[in-house]
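Here is how the chains run, residue by residue.
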Amino acid sequence: MIDLRSDTVTRPSPAMYRAMATAEVGDDVFGDDPTVRELEETTADMLGFESGLYVTSGTQSNFTAVLTHCGRGEEYIIGEAYHVYRAEAVGSAALGGIIPQTVPVLEDGSVDLDLVEARIKPEDLHFPRTRLICLENTHNGKALAPEYMERAVALARRRGLAIHLDGARLMNAALATGCAPRDLARGFDTVSLCLSKGLGAPVGSVLVGSRDFINEARRARKMLGGGMRQAGLIAACGLVALREQVERLEEDHRLAARLASGLAQVPEVGTEPQGANTNMVFITVPDRHRQPVVEHMKRHGVLIGGRPPTFRLVVHRDIGEDDITATVDAFAGYFRNAA
Ligand SMILES: *Cc1c(COP(=O)(O)O)cnc(C)c1O
């Protein structure tokens, strides 16, 4: 199957299996796992931070960060379409008593920083205390530029707030903007990076921040049930991902651009005016065709997903040039025959 539902569907590479077979491990809750420590240090170093914390998922990473930044009855400001608010079952509110204050997400994936500033609560006993701003890069495959990230950081500093970056796909953003990852992360208090998306590791994310923050976050991770033991086994795959899979993301971006331009030629397929510039393609089809298209594509060996009214097609390591051709052909075939 050509699985375009997500970049989380990749299987471990042969190098990852080899790394697992030979990984040195220990009890990570005791701080004894050398492979986990190496992964945490390597990630922190790549992103320009003092420390890192290996966690089970991006959701756990973001939740650990928000729980450590904010206390009960406090709030964070976040784009309403960002993953931390929209796709993590609002764990911060449900389990942490921390309130999200949302703002709309703009066409380019950013949030209006003037609006963010306007939403910061003044010191008043009627209001929750605003503690944190949460951004996301990439959002829906769109990379935010370093100048924007700097302005957001400057706002947080000026208003005495912390700022967290959900950088699940930060490596994609870095390649798309021609920046080093640390240039997009500069000034943030914390950054979460997913190893299990385009980087292709089977499990895990790393949260980075200052030494003190990460020590506190380690406690939150334990509370959330994220204290793992011989986790070096899977952390070994994360190290392979960081060392061998980052530059390869360019290939995903190239193929996604090819997919987007191919699909733009298919009548009845709508593409975004300001489309994603990394490894994702968002398209729409007339509503009556939605379900038949899914079934047609599946019969032609292509799995697609996304929330109505859009389809999201995601390119990743297990997708090649021929798969892109086959996908465009299958879409074109459907609409050639559709009434
Ligand atoms: C996937 C993703 C996450 C969460 O990662 P999981 O490992 O699925 O919990 C967080 N933020 C963004 C932007 C993501 O794409």
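Quick note: structure is the one above.
Residues numbered from 1 in each chain as written. Predicted model: local features only at pLDDT ≥ 70, side-chain atom pairs only at ≥ 80, totals over all residues. Heavy atoms only, no water.

Student: Got a minute to help me understand the site of the ligand in this structure?
Tutor: Near the ligand the following residues occur: Ser57, Gly58, Thr59, Asn62, His83, Glu88, Glu136, Asp166, Ala168, Arg169, Cys194 and Lys197. Gly58 is positioned with one of its backbone polar atoms (N or O) 2.8 Å from an oxygen atom of the ligand. Thr59 places a side-chain nitrogen or oxygen 2.6 Å from an oxygen atom of the ligand. Here the ligand has 380 Å² of accessible area as a free molecule, and 83% of this is covered by the chains. Using a 2 Å cut-off from the grid points, one finds that the ligand occupies the largest pocket. A total of three residues in the shell around the ligand trace back to one element, the largest contributor, which is helix H3 (residues 58–69). Across the shell around the ligand, the residue classes break down as two nonpolar, five polar and five charged. (Near = heavy atom within 4 Å. Polar contact = N/O pair within 3.5 Å; in protein donor to acceptor, adjacent residues only side chain to side chain. Areas by Shrake-Rupley, 256 points an atom, 1.4 Å probe, with all protein chains shown as cover. 1 Å grid on protein atoms, 1.4 Å probe; cavity = no way out; pocket = protein on both sides within 12 Å on 5 of 7 lines; lining within 4 Å. Sits in = over half its atoms within 2 Å of the grid points. Helix = DSSP H or I, 4+ residues; strand = E, 2+ residues; numbered from the N terminus. Nonpolar A, V, L, I, M, F, W, Y, C, P; charged D, E, K, R; others polar.)

Student: Teacher, can you tell me more about the packing of aromatic side chains here?
Tutor: Here the distance between the centres and the angle between the planes together describe a pair of aromatic rings. The tally for this structure, following the rule as stated, stands at one aromatic pair. On the numbers, 4.8 Å between centres and 85 degrees between planes, the contact of Tyr334 with Phe335 is edge-to-face. Residue classification places Phe335 among the buried residues on the basis of a relative accessible area of 9%. Just above the ring of Phe311 sits the side chain of Arg290; from NZ or CZ to the centre is 4.2 Å. (Phe/Tyr/Trp six-rings, centres within 6.5 Å; stacked < 30°, edge-to-face > 60°. Buried < 20%, exposed > 50% of the residue type's maximum accessible area, 1.4 Å probe, protein only. Lys NZ or Arg CZ within 6 Å of the ring centre and 35° of its normal.)

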